[in-house]
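The chain contents come next:
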Protein chains: 2
Amino acid sequence: MATTTAKQHQELAKQRYDDFVAECPTRQLLDRISDKWVSLVLIALADGPRRYAEINRAIAGVSPKMLTQTLRTLERDGLVERRITAEVPVRVDYELTALGRSLQPVLSVIKSWAEARMDDVLTARARYDGVSP
Amino acid sequence: MATTTAKQHQELAKQRYDDFVAECPTRQLLDRISDKWVSLVLIALADGPRRYAEINRAIAGVSPKMLTQTLRTLERDGLVERRITAEVPVRVDYELTALGRSLQPVLSVIKSWAEARMDDVLTARARYDGVSP
DNA sequence: CCGGATCCCGCTTGATACTG
DNA sequence: CAGTATCAAGCGGGATCCGG
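Residues numbered from 1 in each chain as written. Chains lettered and ligands numbered in written order. Predicted model: local features only at pLDDT ≥ 70, side-chain atom pairs only at ≥ 80, totals over all residues. Heavy atoms only, no water.

J.: Any details on the overall build of chain A? Residues and values, ideally.
T.: A tally of helices and strands in chain A yields seven helices and three strands. A burial count over chain A gives 38% of its 133 residues as buried. In chain A, once contacts between residues fewer than 6 apart in sequence are set aside, the share between residues at least 24 apart is 40%. Element-wise, carbon and sulfur atoms account for 54% of the exposed surface of chain A, whose accessible area totals about 7900 Å². (Helix = DSSP H or I, 4+ residues; strand = E, 2+ residues; numbered from the N terminus. Buried < 20%, exposed > 50% of the residue type's maximum accessible area, 1.4 Å probe, protein only. Contact = heavy atoms within 4.5 Å. Areas by Shrake-Rupley, 256 points an atom, 1.4 Å probe, with all protein chains shown as cover.)

Below, the structure is given as structure tokens:
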């Protein structure tokens, strides 16, 4: 044995990164809020509770599967609360928890920087592409 | 023809999302900073200029390819400056631009929330998994 | 009406080897 | 030293169909 170096190295590297992710809160938070739909859902729920179908309509282009998956993750992480009302047909509302609401200022900061500086980024990008297209 | 509905739908949805991304600064910023290596590079450069190999050593588990790719993207976006010194062998330094440095407070806010509240998220997660494993 | 299960495709990641 | 070229694989994200 002792000849599986390649695969072993790969697994070790991946393991190291996984361990790092597992213990780095910032990494975890970034992974959460950078999820394709998470920020949109958080915004959709900012003004109060919403039904599943409402959120689905509010966010253009999200598939039911991804919306459910996103909401489940947020519920699991204690950022969103899921409330089922036994009507016919069933009614399901989603609402931000206190923890979820505490995240809003963070998103707000991100949004502020983006709106203030993203133009500079775009300009730099265009210049870079112009020099070596 | 007129039977390629699946693929067409997919492409339309992707297109809609791409259009949205193209015009939403926040989405763009999130996509940038949430990149696997971007935040690590930004942190590595926080204290001043660094050479390629230094960064490579500072960040465990990054392949040359991904490091280069990350640095190129950051350079393109005007967040990092690349400076080549004609020595033998060649010397290349990377340094945050003013724009790049202006991003640090944003990362700082994210980090603060993560360190303060991520435990709550982890707790909620454990509870959720405990209820329905 | 809500959302779980399954299959599948394409993109990104990353290891590895090579060059100026 | 500072990258580029190539190639394989894993996985995110979506369509589609089915159950509660």
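From this point, the discussion proceeds with the structure in view.
J.: Tell me what's going on with the interface of chain B and chain A, and back it up with residues and numbers.
T.: On the chain A side, the residues contacting the 44 residues of chain B number 43 residues. Surface buried jointly by chain B and chain A totals about 4100 Å² across both partners, of which 69% is contributed by carbon and sulfur atoms. Per-residue buried area on chain B facing chain A is highest for Arg76, Trp113 and Tyr128 of chain B; these three make up 17% of the total on that side. In this structure, the connection of chain B to chain A is made through four salt bridges. Put simply, Arg76 of chain B and Asp129 of chain A hold a salt bridge, and the shortest N to O gap is 2.4 Å. Counting across the interface, chain B meets chain A through 14 residue pairs in polar contact (both at pLDDT 80 or more). (Buried area = accessible area lost by both parts, 1.4 Å probe. Salt bridge = Lys/Arg side-chain N within 4 Å of Asp/Glu carboxyl O. Polar contact = N/O pair within 3.5 Å; in protein donor to acceptor, adjacent residues only side chain to side chain.)

J.: So, the protein's contact with DNA strand D: which residues are in play, and what are the values?
T.: What surrounds DNA strand D is a group of 18 residues, the closest being Lys36, Lys65 and Met66 of chain A together with Arg82 and Tyr94 of chain B. Within 4 Å of the protein, the contacting atoms of DNA strand D are 79% sugar and phosphate, with bases supplying the remainder. Taking Ala53 of chain B, its main chain carries an N or O atom lying 3.1 Å from a phosphate oxygen of DNA strand D. Arg72 of chain B places a side-chain nitrogen or oxygen 3.4 Å from a phosphate oxygen of DNA strand D. Elements with a contribution of two residues or more to the surface near DNA strand D: helix H5 (64–76) of chain A together with helix H4 (52–58), helix H5 (64–76) and strand S3 (91–96) of chain B. (Near = heavy atom within 4 Å.)

J.: An account of the pattern of salt bridges is requested, with residue identities and associated values reported.
T.: One pass over the full model with this rule turns up 18 salt bridges over all chains. Residues Asp77 of chain A and Arg125 of chain B are paired through a salt bridge, measuring 2.7 Å at the closest nitrogen-oxygen approach. Here the residue Asp77 of chain A occupies a position in the loop between H5 and strand S2 (80–85), and Arg125 of chain B occupies one in helix H7 (residues 104–131), the pair thus bridging two chains. Residue Asp77 of chain A is classed as buried on the basis of its relative accessible area, which comes to 0%. Where Glu115 of chain B meets Lys111 of chain B, a salt bridge forms, and the shortest distance between an N and an O atom there is 3.9 Å. Here Glu115 of chain B and its partner Lys111 of chain B are both found in helix H7, four residues apart, which amounts to about one turn of the helix. Among the residues examined, Glu115 of chain B registers a relative accessible area of 49% and is labelled partly exposed.

J.: I'd love a proper account of the relation of the copies chain B and chain A, names of residues and values included.
T.: The operation relating chain B to chain A is a screw motion whose rotation component is 180 degrees, with 0.0 Å of axial translation and a residual RMSD of 0.2 Å. Those values place the two copies in the arrangement expected of a two-fold rotation axis. Looking at the rotation axis and the C-alpha trace of chain B, the residue lying nearest is Ser34 of chain B, at 2.9 Å. Counting the interface residues of chain B, we find that 98% of their copies in chain A are interface residues as well, pointing to one common contact surface. (Least-squares fit on C-alpha atoms with pLDDT ≥ 70 in both.)

J.: Which residues make up the environment of Trp37 of chain A, and what are the values?
T.: Locating Trp37 of chain A in the fold gives a position in the loop between helix H2 (25–33) and helix H3 (38–44). It is 8.6 Å that separates the C-alpha atoms of Trp37 of chain A and Ile59 of chain A, two residues lying 22 residues apart in sequence.

J.: Kindly report on unusual backbone geometry, identifying the contributing residues and their values.
T.: Following Val88 of chain B, the chain continues to Pro89 of chain B via a peptide bond in cis, the omega torsion being 0 degrees. Tracing the backbone shows Pro89 of chain B in the loop between strand S2 (80–85) and S3.

From the geometry alone we can't say anything about function, so treat these as descriptive.
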